[in-house]
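This is what each chain is made of:
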Amino acid sequence: MDTPGNGQLHRDAGGRPCRSAGWLARAAVSAAFLLGTAFSSTAFAQDQQLPVVTAAKPVVREIVEDDEFVGRFEAVDQVSLRSRVGGYLDQVHFQDGTLVKQGDLLFTIDQRPFKAALNQAQAQVDSAKTLVEFSKMQFERAETLSREGNIPVSTLDDRRREYLAAQAQLDGTEAALENASLDLEFTEIKAPFSGRVDRRLVSPGNLVQADQTVLTTIVSIDPIDFYFDIDERSYFAYARDARERGGVMQEGAGGLDVVVRVADRDEATFKGKLDFAENRLDEATGTMRVRARFDNKDGVLQPGMFGRINVPGSLPHPGVLLPDEAIGADQNRRIVFVVDEAGLISAKPVRTGPRIDGYRVIREGLTGEETVVINGLVRVRPGVTVKSEMTTLPPKVEAEGQTQ
């Protein structure tokens, strides 16, 4: 006969065998444990499969927004050297690409024909001086004889005419001598200002045509100008700010401070000042050309080089800043991905501004309280749940290669 016990059979009132209640309780506990273990394993596996992204709060601080324009550097002074006299090139006195100072001798035209012309002009001057002295003596003698009545008045007039003609001839020969002296001086072609010389375009022995043949070019290096175009809307804003500072736009907007960066540098590292704007807007483009001047003692900036200039375009105000890596594109708009406490991703359209201290200004779309995905944008999309790793953005990103 079966007796009830742990896990043993017993008979019910109908005589059918059945398990004890204790065994059933233990079975229920075991089933619950197995179910919980399976659920925990599934949740762990799902957590392991969530995309991992890096998220952070935007940087919020007081900023001054800059307007960015593209322009080109140009030399303050530049010249294409030509000879004022024609002749055969005799000597070149510089090395290609070197720095030259004002007054340095660069080229010499064959001077022998010009020295001969100078000697000839000098001889003509000497002859004219002799003729003047002789005609003067004749005129003075004629005056004495005329007062004594020994010669007619017409002869005195002839002696006066000869004397005046000799003086005029002397003036002409002295002018020719000066011209010959200038021609000889022009055979030495010197640097009109300090700067960097280009390569020689004519070799010695070649014929140089006066005022036509370009021998080389020189551009000044320090300081250097940067030209860029602004639209009509920007002009009104800058002109208004210039008036508030007591200046005018055409005279450099009161010396407004600007910065420029070039192709091999991420941040604006060269500082300068606006110093000129044209006196009218271009009717075809609706833009005005503006100039800024920069110190260039180390010669890094070169004429013809492109750059991006940042001009202060706002008053100080609280700004929201994000790295460019956190900003994506959705057709014709910019978006950022925001993650909530549950890890759910949503997209927010934003309007971006210029770069400041390594960050991009967010003009519209964020308040600064959101948690934004910084790294891992390729693994997220709206509606996806992610696992976010929080980080803190520094107030300012130092640019690599920033030297000035």
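Residues numbered from 1 in each chain as written. Predicted model: local features only at pLDDT ≥ 70, side-chain atom pairs only at ≥ 80, totals over all residues. Heavy atoms only, no water.

Caption draft 1: Molecular detail of the overall build of the chain. When its secondary structure is counted, the chain shows four helices and 25 strands. Counting across all 404 residues of the chain, residues that qualify as buried make up 33%. Summed over its atoms, the accessible surface of the chain is roughly 24,300 Å², and 50% of this surface lies on carbon and sulfur atoms. (Helix = DSSP H or I, 4+ residues; strand = E, 2+ residues; numbered from the N terminus. Buried < 20%, exposed > 50% of the residue type's maximum accessible area, 1.4 Å probe, protein only. Areas by Shrake-Rupley, 256 points an atom, 1.4 Å probe, with all protein chains shown as cover.)

Caption draft 2: Molecular detail of the packing of aromatic side chains. This model, assessed by the stated rule, comprises eight aromatic pairs. Ring geometry for F69 versus F228: centroids 5.6 Å apart, planes at 25°, classification stacked. Taken together, the positions of F69 in strand 5 (residues 66-75) and F228 in strand 14 (residues 224-231) put the pair 159 residues apart, joining distant regions of the chain. In this structure, F69 and F228 share a single accessibility class: buried. (Phe/Tyr/Trp six-rings, centres within 6.5 Å; stacked < 30°, edge-to-face > 60°.)

Caption draft 3: Fine view of the sheet that holds strand 11 (residues 195-197). Strand order across the open sheet formed by four strands is 6-13-11-8, with antiparallel pairing between neighbours. In this open sheet, the two edge strands, each paired with only one partner strand, are strand 6 (78-82) and strand 8 (99-100). Looking at chain direction, strand 11 and strand 13 (residues 214-219) are connected through two bridges and run antiparallel. Note that in strand 13 the partner of V197 across the bridge is I218. (Pairing = 2+ DSSP bridges.)

Caption draft 4: Here's a closer look at the environment of D96. Looking at where D96 falls in the secondary structure, it is placed in the loop between strand 7 (87-92) and strand 8. Separated by 101 residues in sequence, D96 and V197 have C-alpha atoms that sit 6.8 Å apart. Look past the residues within four positions of D96 in its chain and what remains in contact with it is D198, R199 and R200. At 3.2 Å, the side chain of D96 forms a polar contact with the backbone nitrogen of R200. (Contact = heavy atoms within 4.5 Å. Polar contact = N/O pair within 3.5 Å; in protein donor to acceptor, adjacent residues only side chain to side chain.)

Caption draft 5: View of the pattern of salt bridges. Scanning the model with the defined rule gives 16 salt bridges in all. A salt bridge links R112 to D110, with the nearest nitrogen and oxygen atoms 3.0 Å apart. Take R112: its relative accessible area is 64%, and that puts it in the exposed class. Salt bridges sharing common partners tie together D225, D275, R291 and R293. (Salt bridge = Lys/Arg side-chain N within 4 Å of Asp/Glu carboxyl O.)

Caption draft 6: Molecular detail of the sheet that holds strand 5. The strand order 5-14-17-16-15-18 describes a closed barrel built from six strands, whose pairing is antiparallel. Ignoring strand direction, the axes of neighbouring strands in this sheet form an average angle of 40°. Across eight bridges, the pairing between strand 14 and strand 17 (residues 287-294) is antiparallel. Among the inter-strand pairings, D225 is bridged to a residue of strand 17, identified as R293. On the sheet, helix 4 (residues 232-244) packs against strand 5, strand 14, strand 17 and strand 18 (306-312) and is oriented at approximately 115° with respect to strand 14. (Axes fitted to C-alpha atoms, helices over the stretch in contact; angles between N-to-C directions.)

Caption draft 7: Region of the structure containing helix 2 (residues 112-148). The end-to-end C-alpha distance of helix 2, which contains 37 residues, comes to 55 Å, matching closely the 54 Å that a straight helix rising 1.5 Å per residue would cover. Where helix 2 is concerned, the buried positions are F114, A121, V125, A128, V132, S135, F139 and A142. Lining the buried residues of helix 2 we find strand 9 (105-109) and helix 3 (153-186). Where helix 2 ends, the next residue or the one after it, G149, has phi of about 80°, a positive value. (Expected span 1.5 Å × (residues − 1).)

Caption draft 8: Structural view of unusual backbone geometry. Note the cis peptide between D222 and P223, where omega equals 0°. In this structure, D211 is a non-glycine residue whose phi angle is positive, near 65°. Mapping D211 onto the fold places it in the loop between strand 12 (207-208) and strand 13. Located in the positive-phi region is D357, a residue other than glycine, with phi close to 55°. The topology assignment puts D357 in the loop between strand 22 (345-356) and strand 23 (359-364).

Caption draft 9: Region of interest: the confidence of the model for the chain. Chain-level statistics for the chain give a pLDDT mean of 83 and a share of 84% at 70 or above. Note on residues 1-7: pLDDT is under 50 here. Beyond four places in sequence and across chains, it has 12 contacts. Under a pLDDT of 50 for its full length, residues 400-404 has, in the predicted model, seven contacts with residues more than four places off or in other chains. (pLDDT = per-residue confidence, 0-100.)

Caption draft 10: Highlighting the nonpolar core. In terms of nonpolar packing, the biggest core is built from 24 residues, with F228, I230, M249, F294 and I309 touching the most fellow members. If you list the elements that add at least two residues to this core, you get strand 5, strand 14, helix 4, strand 15 (257-261), strand 16 (270-277), strand 17 and strand 18. With sequence-adjacent residues up to four places away left out, I309 is seen in contact with D67, E68, F69, F226, F228, V258, V259, V260, A292 and F294. Formed by 19 residues, the second largest nonpolar core is a distinct cluster that contains I63, A326, V336 and I374. (Core = buried A, V, L, I, M, F, W, Y, C linked by side-chain atoms within 4.5 Å.)

Caption draft 11: Molecular detail of helix 3. Taking 1.5 Å of rise per residue, 34 residues should cover 50 Å, and helix 3 covers 50 Å from first to last C-alpha, within 8% of that figure. Turning to helix 3, its buried residues number three or more, namely L156, Y163, A166, L170, T173, L177, A180 and L184. Buried residues belonging to helix 3 abut helix 2 and strand 10 (188-190).

Caption draft 12: Representation of the packing of helix 2 against helix 3 within the structure. It is the contact of helix 2 with helix 3, at a shortest axis distance of 8 Å, that shows an interaxial angle of 165°. What the angle tells us is that helix 2 and helix 3 run roughly antiparallel. Seen along the crossing, helix 2 lies across helix 3 with a hand that is left-handed. Residues of the contact of helix 2 with helix 3, tallied by class, amount to 18 nonpolar, nine polar and nine charged. (Parallel < 35°, antiparallel > 145°, perpendicular 65-115°, else oblique. Left-handed = near helix turned anticlockwise from the far one by under 90°. Nonpolar A, V, L, I, M, F, W, Y, C, P; charged D, E, K, R; others polar.)

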